[in-house]
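What follows is the residue order along each chain.
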Amino acid sequence: MQIKEIFSSMDYGPAPESADMAHDWLDGHGRKFGHFIDGAFTKPGKIFASTNPATEEKLADITNGTKADVDRAVKAAREAFEPWKALSGFERAKYLYAIARLIQKESRLFAVLETLDNGKPIRESRDADIPLAIRHFYHHAGWAQHLEREFPGREPYGVCGQIIPWNFPLLMMSWKIAPALAAGNTLVLKPAEFTSLTALLFAEICAKAGLPEGVVNIVTGAGETGAALVEHKGVDKIAFTGSTEVGKIIRKATAGTGKGLSLELGGKSPYIVFEDADMDSAIEGLVDAIWFNQGQVCCAGSRLLVHESIEKRFIEKLKTRMDNLRVGDPLDKAIDIGALIDPVQLGRISDLLAIGEKEGCSRYEGGANLPNQGCFMKPTLITDVSPAHTLVSEEIFGPVLVAMSFRDHNEAVELANNTKYGLAATIWSENINLALDIAPRIKAGVVWINCTNQLDAAVGFGGYKESGFGREGGAEGMVAYLKPAFEKALKPTPASPAAKSVDLRDTHAVDRTAKMYIGGKQTRGDSGYAREVFAPGGNSLGEVSEGNRKDIRNAVEAARKALGWGSKTAHLRAQILYFLAENLDYRGSEFADRIRSMTGATGPAAKREVELCVERLFAFAGWADKYDGAVHNVPMRAIATAMVEPIGVIAIAAPDESPLLASIAMLAPAIAMGNSVVLVPSEKHPLSMTDFYQVIETSDVPAGVVNIVTGDRFSLSKTLAEHDGVDAMWFAGSAKGAEMVEKASIGNLKQTWTTRGRAFDWADKDIMEGKYFLERATQVKNIWIPYGA
Amino acid sequence: MKLQAVKDMEPAGAHERNPGFELDLDWVDRCVMNRSALERRAATIGTRRTVKKQWQAAWLLKAITLIDLTTLNSDDTPGRVQRLCAKARQPVRGDILEALGAQNLSIKPGAVCVYHNFVETAVEALEGTNIPVAAVSTAFPHGLIPLELRVAQIEASVKAGAKEIDIVIERGQVLRGDWQGLYEQIKAFRAACGEAHMKTILGTGELATLSNVAKASLVCMLAGADFIKTSTGKEKVNANLQTSLAMVRMIRWFRDETGIEIGYKPAGGISSAKDALTYMALMKEELGNNWLRPHLFRFGASSLLTDIERQLEHQATGRYAAAYRQPMV
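To keep things clear, this report deals only with the structure shown in the data block. Note that the structure is a prediction, hence the values are computed from the model and not measured.

With that out of the way, let us pick up the overall build of chain A. Scanning chain A from N- to C-terminus turns up 27 helices and 34 strands. The C-alpha radius of gyration of chain A comes to 28 Å, within 12% of the 28 Å expected for a compact globule of 789 residues. Along the first, second and third principal axes, the C-alpha atoms of chain A reach 100 × 65 × 45 Å. For chain A, with 789 residues in total, the buried portion stands at 61%. Summarising the internal contacts of chain A: among those between residues at least 6 apart in sequence, 76% fall at separations of at least 24.

Next up on the list: helix α12 (residues 311-323) of chain A. When the terminal C-alpha atoms of α12 of chain A are compared, their 18 Å separation across 13 residues agrees well with the 18 Å that a helix rising 1.5 Å per residue should span. Those residues of α12 of chain A that sit buried are Phe-314, Ile-315, Lys-317, Leu-318, Thr-320, Arg-321, Met-322 and Asp-323 of chain A.

Let us look at unusual backbone geometry. Residues Phe-140 of chain B and Pro-141 of chain B are joined by a peptide bond in cis, for which omega reads 5°. Note on placement: Pro-141 of chain B falls in the loop between β3 (133-136) and α7 (147-160). A positive phi angle, near 50°, is found at Leu-749 of chain A, a position not held by glycine. Among the structural elements, Leu-749 of chain A can be located in the loop between α25 (735-744) and β33 (751-754). By relative accessible area, which is 2% here, Leu-749 of chain A ends up buried. The phi torsion at Ala-139 of chain B lies on the positive side, around 55°, for a residue other than glycine. Within the element layout of this structure, Ala-139 of chain B appears in the loop between β3 and α7. Ala-139 of chain B sits in the buried class, given a relative accessible area of 10%.

What follows concerns the nonpolar core. With 121 residues, the main nonpolar core has Ile-103, Leu-181, Phe-202, Val-216, Val-273 and Leu-304 of chain A as its most contacted residues. Every residue in contact with Leu-181 of chain A, bar those within four places of it in the chain, is listed here: Trp-84, Arg-92, Leu-96, Ile-99, Leu-187, Leu-211, Val-215 and Val-216 of chain A. Counting 110 residues, the second largest nonpolar core, distinct from the first, contains Ile-131, Val-133, Trp-291 and Phe-297 of chain B.

Attention now moves to the sheet that holds strand β4 (residues 47-51) of chain A. Strands in a sheet are paired, the pairing made by backbone hydrogen bonds, and the direction either parallel or antiparallel. Residues and elements named next belong to chain A. If you trace the three strands from one edge of the open sheet to the other, you get β1-β5-β4, paired in mixed fashion. At either margin of the open sheet sits one strand with a lone partner, and together these are β1 (32-33) and β4. Sheet analysis places β4 next to strand β5 (residues 58-63), joined by five bridges and oriented antiparallel. Looking at β5, one finds that Phe-48 is bridged to Ile-62. Strands in contact with helix α8 (residues 197-208) are β1 and β5; relative to β5, the strand with the most contacts, it is inclined by about 65°.

Right, let's get into the side chain of Ser-302 of chain A. Following the sequence through the fold, Ser-302 of chain A ends up in strand β13 (residues 301-307). Residues contacting Ser-302 of chain A, with those up to four places away along its chain left out, are Lys-268, Ser-269, Ile-290, Val-400, Leu-401 and Val-402 of chain A.

A few words now on the pattern of salt bridges. If you walk through the whole model with that rule in mind, you get 65 salt bridges over all chains. For the salt bridge of Arg-48 of chain B with Asp-336 of chain A, the shortest nitrogen-to-oxygen distance reads 2.6 Å. Note that Arg-48 of chain B is positioned in helix α2 (residues 35-48) and Asp-336 of chain A in the loop between α12 and α13 (343-358), a pairing that runs across two chains. Across the pair, exposure class does not vary: Arg-48 of chain B and Asp-336 of chain A are buried alike. A salt bridge links Asp-166 of chain B to Lys-265 of chain B; the shortest N-O distance between them is 2.9 Å.

With that settled, consider α25 of chain A. Of all the positions in α25 of chain A, only Gly-737, Ala-738, Met-740, Val-741, Glu-742 and Ala-744 of chain A are classed as buried. Next to the buried residues of α25 of chain A lie α10 (244-254), α24 (713-722), β32 (728-731) and β33 of chain A.

A word on the sheet that holds β13 of chain A. Residue and element names in this part refer to chain A. Taken in spatial order, the ten strands of this open sheet run β14-β15-β16-β13-β12-β17-β18-β34-β28-β27, and their pairing is mixed. In the strand order of this sheet, the two ends are held by β14 (362-365) and β27 (630-632), each with one partner. Ignoring which end each strand starts from, the neighbouring axes of this sheet average 25° apart. In terms of strand pairing, strand β17 (residues 424-428) meets strand β18 (residues 446-449) through four bridges, oriented parallel. Note that in β18 the partner of Thr-426 across the bridge is Trp-448.

Take the packing of helix α21 (residues 603-624) of chain A against helix α22 (residues 661-672) of chain A next. Residue and element names in this part refer to chain A. Running from N to C, α21 and α22 cross one another at 10°; their axes reach a closest spacing of 9 Å. In terms of their interaxial angle, α21 and α22 are classed as roughly parallel. Seen from α21, the contacting residues are Glu-609, Leu-612, Cys-613, Arg-616, Leu-617, Phe-620 and Ala-624; seen from α22, they are Leu-661, Ile-664, Ala-665, Ala-668, Pro-669 and Ala-672.

All names here are of chain A. With respect to the secondary-structure elements, Gly-234 resides in the loop between α9 (223-231) and β10 (237-241). Accessibility expressed as a relative area gives 18% for Gly-234, which makes it buried. Sequence separation between Gly-234 and Gly-161 is 73 residues, and the spatial gap between their C-alpha atoms is 9.5 Å. Not counting residues within four places of it along the chain, the set of residues in contact with Gly-234 comprises Val-74, Arg-78 and Val-159.

A few words on the interface of chain A and chain B. Opposite the 48 residues of chain A that make contact, chain B presents 47 residues. For the pair chain A and chain B, the summed buried area comes to about 4100 Å², and 49% of that belongs to carbon and sulfur atoms. In terms of surface lost to chain B, no three residues of chain A exceed Phe-7, Met-10 and Tyr-12 of chain A, which account for 20% of the buried area on that side. Scanning the region where chain A abuts chain B turns up seven salt bridges. Note that Glu-284 of chain A is salt-bridged to Arg-249 of chain B, the shortest N-O span being 4.0 Å. Contributions of two or more residues to the side of chain A that touches chain B are made by α1 (3-9), α6 (122-150), α11 (279-290) and α12 of chain A.

Position of Glu-257 of chain B relative to the elements: it lies in helix α11 (residues 241-258). Residues Glu-257 of chain B and Gln-103 of chain B lie 154 residues apart in sequence; the distance between their C-alpha atoms is 40 Å. Not counting residues up to four positions away in its chain, the partners in contact with Glu-257 of chain B are Arg-313 of chain A together with Trp-27 of chain B.

On the surface, Val-631, Ile-639 and Tyr-787 of chain A cluster together into a nonpolar patch covering about 290 Å² of accessible area. Position of Val-631 of chain A relative to the elements: it lies in strand β27.

Right, let's talk about the packing of aromatic side chains for a bit. All names here are of chain A. Applying the stated rule across the entire model yields 33 aromatic pairs over all chains. On the basis of an interplanar angle of 75° and a centroid distance of 4.8 Å, the ring pair of Tyr-578 and Phe-618 is categorised as edge-to-face. Here Tyr-578, found in helix α19 (residues 570-586), pairs with Phe-618, found in helix α21; they are 40 residues apart in sequence, far enough to count as distant. Among the aromatic residues, those joined into a cluster by ring pairs are Phe-486, Trp-730, Trp-753, Phe-760, Trp-762, Tyr-772 and Phe-773.

Here we come to the pairing of β10 of chain A. All names here are of chain A. Among the five residues in β10, five count as buried, and that is most of the element. Along β10, one buried face is formed by Lys-237, Ala-239 and Thr-241 and the opposite face, lined by Ile-238 and Phe-240, is buried too. Pairing geometry for β10 and strand β11 (residues 260-264), over five bridges, is parallel. What sits directly across from Thr-241, in β11, is Glu-264. In this fold, β10 hands off to α10, which returns the chain to β11; that crossover is right-handed.

All names here are of chain B. Note that Cys-31 resides in the loop between α1 (25-29) and α2. In the structure, Cys-31 is positioned 219 residues away from Met-250 in sequence and 8.3 Å away in space, judged by C-alpha atoms. Those residues in contact with Cys-31 that lie beyond four places of it in its chain are Ser-211, Ala-214, Lys-215, Leu-218, Met-250 and Trp-253.

About the criteria used
Residues numbered from 1 in each chain as written. Chains lettered and ligands numbered in written order. Predicted model: local features only at pLDDT ≥ 70, side-chain atom pairs only at ≥ 80, totals over all residues. Heavy atoms only, no water. Helix = DSSP H or I, 4+ residues; strand = E, 2+ residues; numbered from the N terminus. Rg over C-alpha atoms; globule rule 2.2 N^0.38 Å. Buried < 20%, exposed > 50% of the residue type's maximum accessible area, 1.4 Å probe, protein only. Contact = heavy atoms within 4.5 Å. Expected span 1.5 Å × (residues − 1). Core = buried A, V, L, I, M, F, W, Y, C linked by side-chain atoms within 4.5 Å. Pairing = 2+ DSSP bridges. Axes fitted to C-alpha atoms, helices over the stretch in contact; angles between N-to-C directions. Salt bridge = Lys/Arg side-chain N within 4 Å of Asp/Glu carboxyl O. Parallel < 35°, antiparallel > 145°, perpendicular 65-115°, else oblique. Buried area = accessible area lost by both parts, 1.4 Å probe. Patch = residues over 30% accessible without salt bridge, like charges linked within 9 Å, V, L, I, M, F, W, Y side chains within 5 Å. Areas by Shrake-Rupley, 256 points an atom, 1.4 Å probe, with all protein chains shown as cover. Phe/Tyr/Trp six-rings, centres within 6.5 Å; stacked < 30°, edge-to-face > 60°. Right-handed = clockwise from strand over helix to strand, strands pointing away.

Set out below in structure tokens:
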């Protein structure tokens, strides 16, 4: 091309970054890699090819990890654990700092290698992936040093199994490894089979940093390797980022094992533009939201919701902007959209688009020219869609935006929340009142106001609903790699004498049965049956309703209707908890008598249990307005505020021991934080809690905030655990029951907490009046608010 | 309206001049600019787009045609202005142009920009070149003298031979939200300009917010501006990319609503070839190739030319060049 021709056309020319150093590195390894186990690379085993999706050329052979490989890696991590944990925080901080520095020194190699392997534009790997990964290690060096000070009473899990996706290979790896190491864990990480190269380069960095052998182990491979890691008995915690589908499989596989679990899964995040927004900036934001990394981003703003009053103009402007996006060679420094990860992904997206077409959606493609070969796709906009369309409900994971309109802000919120996912959301408005009204109402772990896809190591990232649980980044993320230290001392629950066989009888004749409590009303069970409650000696104490599926359905419905409780002021919730305490105290001797009669406890012990309940209600009344969020320090002119929000509807299955106290111990933190509750009281000794609804009735608790369903705990818990309207389930009971609950929870990936047959000391004030349940009753939403006049 | 990249440059003659429109205060009200978002976009223009090798050379040659070669100093003399004009006649050394195969591209700056007192000197020095002379009028750089004197100054500059008039707005009118007053003044200036093209300098560094910059841009365009320009070069903050985005997006909106294309001129502080390329990428991305032509885009600069010439020499010879070897501006 001649200068005078360019002078006339004023086109951009090619501006390729050299890939030489990455190829040199690959050549240096003979383009064949084993695993990194116990501080050294293993001999390559059974291999598969890693290719460059932009050119379809093979880059290297990667070893497909076997069960034996995983076993060796876990063993190495196990051996390395105690010495690593025993290091001082400062020692661990120095290693993390060294890793950060070493990645920084090799940042160009990392960036080029990432782009070759993944197909993402070099601009993104250079300006986003690698710097953010480095920042993550720097940030967590600090947490390593301040660990004991900032996280008292917690300890590392041990060996963490970590499985990461292909969309941000090095970055996702850093999100996993940095906090795990800072917290004192050792780990085995499996990169995605499409993108193992930067993880292997990272392994070299670990060796160079002098990291003790076995602390970080990298085992490459595909799904089966990952499954072997998840199922390995020597792994104490699994951290997974990837699809919701696989997340559910992992939840099921780990059910009942007691392994820690954090899941960062899919999304279909809303991108809401109000009529008073800076429209051009909102459009530029969309470029970052859905065309960043070819749209292969779990938190991609893939669902555009635009105010109907500006819809036409906005869509026109958007199409113009799409025409200017440049698709092509990812190594070219002036490319906006690179290659998709693999032809499989392109095929998946095409199939979805074909369904969209069949359903009558309109499709617009940006005007870019595509290269003749490689896995490329034009930026795509789908209009004429509504929530009923497949393209709106399914995560596409590609450069495809679906656009809908809304009439007013309430409809915007409804549409935004009309999804099984809850990872992120974006709001554009120049009106701070409007933006800050909407942000808390969207069920998502991250909300960006007038910006999008902002990520930082100091800010927790993670989802609500089927987008997973657990956070990565900041203090919230550290907690995901630490477990409460007291739990290891818990003994199994002592076996209690077998319950007398339950005699179900029809109560329609003469009703002497304690009712259930649903939606603020005492209600008779749907079945009409009752179950008898016995004293320790075997005498009948009375009857409770035999709750069934329909009672659970009604209770959950009532609890969902009462979710407004969460947006009441914390002060008001505190007042009501104090009032509950006051009213319980007033009837203290009556409740103590009931406990005695049910459990055979001594007078002082029963009295003590009631007193502890009063104290517990006080404790959480006190917490209601104090367990709050934070403002994080982010490297931009913005407030990033971590807001503590209730989870929603929490189902609680209480144990037989301490029949009043155990229920109150869980109920109080749940409602103090603004959740509504469906509680299944002790199966054997339910009468304290059926008595308690009279206290609830006299204490101004809004209808539906607390619902009590009596009956067979196992079957009621199963119905609750399977119920998609339940957001979390706490199950105090046997290991078998825990496994059942965890397995049944995968329908909507509700968060679970189970005792797994361990005897918790409900009277232990240190633990039970503290943050243990508060953490489980809440989730953190991070809201990014950039500012500037 | 669909933004289409113009593949081949059309002659500027087809350009329809801004006839001016009624002041629409509702429209002015709707102009909002989110500073943080503009800063983020501004920060990535230079990282999303780059030109290398012969593309860079061609773009830099184009950049020269977009320069208003400027001297606006209190110590200017006829000799200084004449030297500037001589450089305008021959902005790049002939041997460099030849090495680049660009000798026939007619590379010359968009205009020479001087104080009123030097208009005649410049016109004379540029005779036969078709390079227009631009004069800064209306009590540059502050604009704080009686309106009739400012109008008279424009008329005098036009009479002296200026083909382009860079006027300054009263920043206080923007800060007080006196859009009507601003509109009336600009309209009066435009009438005084007659055939000469009018560039309105907003003094963006003194307008406090980017929303104010957007509103002032719109009012000036409605009042008949041919160009909107950032700065006098005398404010504490001169041209930058985020302010440019605010103004350029208003030009785009104005074009969408009226069909009239308004020019843009960032001025002050643009002194490196790399900066110039980033600004050009901004224009191409936000408005399209049409705004890479001198009738719609100018840089207000002087030292920029030397840096561009240095880069061109490097391109031509493969050796890094030194400023002292380029004929000084």
